[in-house]
Amino acid sequence: FDPNGTTSNIGNHNKEFFVVKYNTQGIYQWISQPQFDNPAAGEGAARNYGMVVEADGTITVQTLFIAGTHFNGNIVVPAPFKGLVIQMNKDGNYLNHFEYDIGGEITYDRNVTYHYDPLNGQHYFGLHKRIGGGGAVSFGGVQQTGDALIVALDATGTELWRHDSMGVNNLKSITTDDQSNVYISGAGNNSGGVNQEGFAGHVFDQVNSPTISGGELAIYVIKLNSSGMLQWGTNPTYSTGGISTGYALQVNGNEVAMGGSLGNANTWSGINFNRPLLSSAQDPVVVRFNKNTGTVIAIEDIEGPSGFDDEITALGVDNFGNYIVGGYVTNSLFLNDPNVPVITNGTGDSDFWFGQLAKTDCAGVLLSNEDLQQSRASIYPNPAVNEIQINSDLEFSSVSIYNVNGQQVLTQILNSDQRLNISTLSNGVYFLKLENNGLEIETLKLVKE
């Protein structure tokens, strides 16, 4: 864990579960291994399906422990095992936990998804049967009846609501926004016929290809409120079929983005994605939606050669609203962008790849003259020495200032005079992110002298 070698022995190697912290420069800080000491082979087996770190450093992690006394006596698990949600402080020390009841085929490490919303203290579990066949998973003593299941728990672990699926093959991602709405994505189909099957109130309406046996899967994105009520749901309508999966979700201002893949020719909210008809090949995409309506804003695709499967499996957002993506490549990618060097799989089945897809340019400056004309805020004076005035037809509630490396150096609530003291900043170039109750966002460039 420590590349400098100063932590040469972290203890018994049969402990499988750990949380490790590094600073922003990648320097090792600490490791926490909450399982009981000196487990025999197999006794240290654990699963970790998700972790959320809050702004104050509080860590919430979902896991599965075998019977025993863990975390310095704070957690006692009866035989044979128990699901746990554990909270730690920023130093990796125990805060609290609760248990949840999970059973069935849970040894497969990709059929459980977890998310925690610190705004309302609710926990969300997504479960699906193992792709390619496998037994059902049970939660709270109740076995799922469809292929996929989402369950919401309160801060104490008490179940609030659940949705079982009809026709959904998997559930890959769960996230929440600043209003505690819930977004889920994965892949589903209408194997029982158009408008026959769905999930959480959304009915799938894609048309499966008659040329591919059994039809194919469609990405879905579904928005629920914190009580589990459907707000909207959407999936592409296929013209020639194809394989696709929605792996990762991120809320970004007034939009929500899904990272995954699309294959062959299909249409989503009137926007076309076209590839040659192949039975088992897909290319990476980021699909951007209006988070209030579910309408597709754009399908941003990264092209690979025909016949090779490539996907986005991880998605993040940086301080400027750019998308950070990662996934796997089996041959090569970025064939459709002459400004980006082609990346190629070296050897073996696939390589991991990552990239930055700019919503603005990589320094946070708006991309086009049209965008600049739409900007409704300005800074005076600029360059500035001690104080700036923000001029706008909007009244912004807060401001965050970032240096050119994307590090936050100042954040402050704005008063009605919209003035900000910058005397403590070093000379240089900065970017101001202005927010209006978390909804309206402007990014402006500032020169400090």
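If you're wondering where the values come from, they're calculated on a predicted model, not measured in any experiment.

J.: Explain the overall build of the protein residue by residue, including any values.
T.: Scanning the protein for helices and strands turns up 1 helix and 38 strands. The proportion of buried residues among the 449 residues of the protein is 47%. Taking as baseline every contact in the protein between residues at least 6 positions apart, the subset at least 24 positions apart corresponds to 53%. Roughly 20400 Å² of accessible area belongs to the protein as shown, and the carbon and sulfur atoms make up 47% of that amount.

J.: Would you mind going over the nonpolar core in detail, with residue names and values included?
T.: Formed by 18 residues in total, the largest nonpolar core has its most connected members in Ile388, Ile401, Ile422 and Leu434. Of all the secondary structure elements, the ones that give two or more residues to this core are β32 (377-380), β33 (387-392), β34 (398-403), β37 (428-436) and β38 (440-448). Among the elements that make up this core, the one with the highest residue count is β37 (3 residues). Apart from the residues lying within four places of it in its own chain, the contact partners of Ile422 are Ala384, Val385, Asn386, Glu387, Ile388, Ile401, Leu446 and Lys448.

J.: A description of the packing of aromatic side chains should follow, citing residues and the corresponding values.
T.: Going through the model one piece at a time under the given rule, you end up with 13 aromatic pairs. Every member of this aromatic cluster is reached through a ring pair, and the members are Tyr100, Tyr114, Phe125 and Phe139.

J.: Can you explain the sheet that holds strand β7 (residues 102-104)? Please cite residues and give values.
T.: Read across the sheet, 3 strands follow the order β7-β10-β11 without closing on themselves; strand pairing throughout is antiparallel. Each having just a single partner strand, β7 and β11 (142-143) make up the two edges of the open sheet. Where β7 meets strand β10 (residues 137-139), 3 bridges bridge the pair, whose relative direction is antiparallel. From the neighbouring strand, Gly104 faces β10, where its bridge partner is Val137.

J.: An account of the pairing of β33 is needed here, citing residue identities and associated values.
T.: Note: β32 against β33, 4 bridges, orientation antiparallel. By the bridge assignment, Ile379 is partnered in β33 with Ile390. Across 3 bridges, the pairing between β33 and strand β36 (residues 419-421) is antiparallel. Residue pairing in the sheet places Ile388 in a bridge with Leu420 of β36.

J.: Outline the side chain of Lys291, supporting the account with residue identities and numerical values.
T.: Structurally, Lys291 is set in the loop between β25 (283-290) and β26 (296-301). Leave out the neighbours within four places in its chain, and Lys291 touches Asp177, Asp178, Tyr183, Lys223, Trp232, Val251, Gly253, Asn254, Glu255 and Val256.

J.: Could you give an account of the side chain of Gln389, with specific residues and numbers?
T.: For Gln389, the location among the structural elements is in strand β33. Only 2.8 Å separates the side chain of Gln389 from the backbone oxygen of Asp417, close enough to count as a polar contact. A distance of 3.2 Å separates polar atoms of two side chains, one belonging to Gln389 and the other to Arg419. Beyond its immediate sequence surroundings of up to four residues, Gln389 is in contact with Ser378, Ile379, Tyr380, Asp417, Gln418 and Arg419.

J.: Outline the sheet that holds strand β23 (residues 266-268), listing residues and values.
T.: An order of β20-β23-β24 is seen for the 3 strands of this open sheet, with the pairing classed as antiparallel. Edge positions in the sheet fall to β20 (237-238) and β24 (271-273), since each has one partner strand and no second.

J.: Got a sec to walk through the environment of Asn415? Specific residues and values, please.
T.: Along the chain, the position of Asn415 falls in the loop between β35 (408-413) and β36. Considered as a pair, Asn415 and Ser397 are 18 residues apart in the sequence and their alpha carbons are 7.3 Å apart.

J.: So what's going on with the confidence of the model for the protein? Residues and values would help.
T.: The predicted coordinates of low-pLDDT regions are not to be read in fine detail. Confidence in the prediction for the protein averages 82 pLDDT; 83% of positions are at 70 or higher. Counting interchain partners and residues more than four positions distant, the pLDDT-below-50 stretch residues 209-214 has 6 contacts.

J.: Can you lay out unusual backbone geometry for me, pointing to particular residues and giving the numbers?
T.: A cis amide bond links Tyr380 to the next residue, Pro381, at an omega of -10 degrees. Mapped onto the fold, Pro381 is located in the loop between β32 and β33. In this chain, Asn382 is followed by Pro383 through a cis amide linkage whose omega measures 10 degrees. By the secondary structure assignment, Pro383 is in the loop between β32 and β33.

Calculation rules
Residues numbered from 1 in each chain as written. Predicted model: local features only at pLDDT ≥ 70, side-chain atom pairs only at ≥ 80, totals over all residues. Heavy atoms only, no water. Helix = DSSP H or I, 4+ residues; strand = E, 2+ residues; numbered from the N terminus. Buried < 20%, exposed > 50% of the residue type's maximum accessible area, 1.4 Å probe, protein only. Contact = heavy atoms within 4.5 Å. Areas by Shrake-Rupley, 256 points an atom, 1.4 Å probe, with all protein chains shown as cover. Core = buried A, V, L, I, M, F, W, Y, C linked by side-chain atoms within 4.5 Å. Phe/Tyr/Trp six-rings, centres within 6.5 Å; stacked < 30°, edge-to-face > 60°. Pairing = 2+ DSSP bridges. Polar contact = N/O pair within 3.5 Å; in protein donor to acceptor, adjacent residues only side chain to side chain. pLDDT = per-residue confidence, 0-100.

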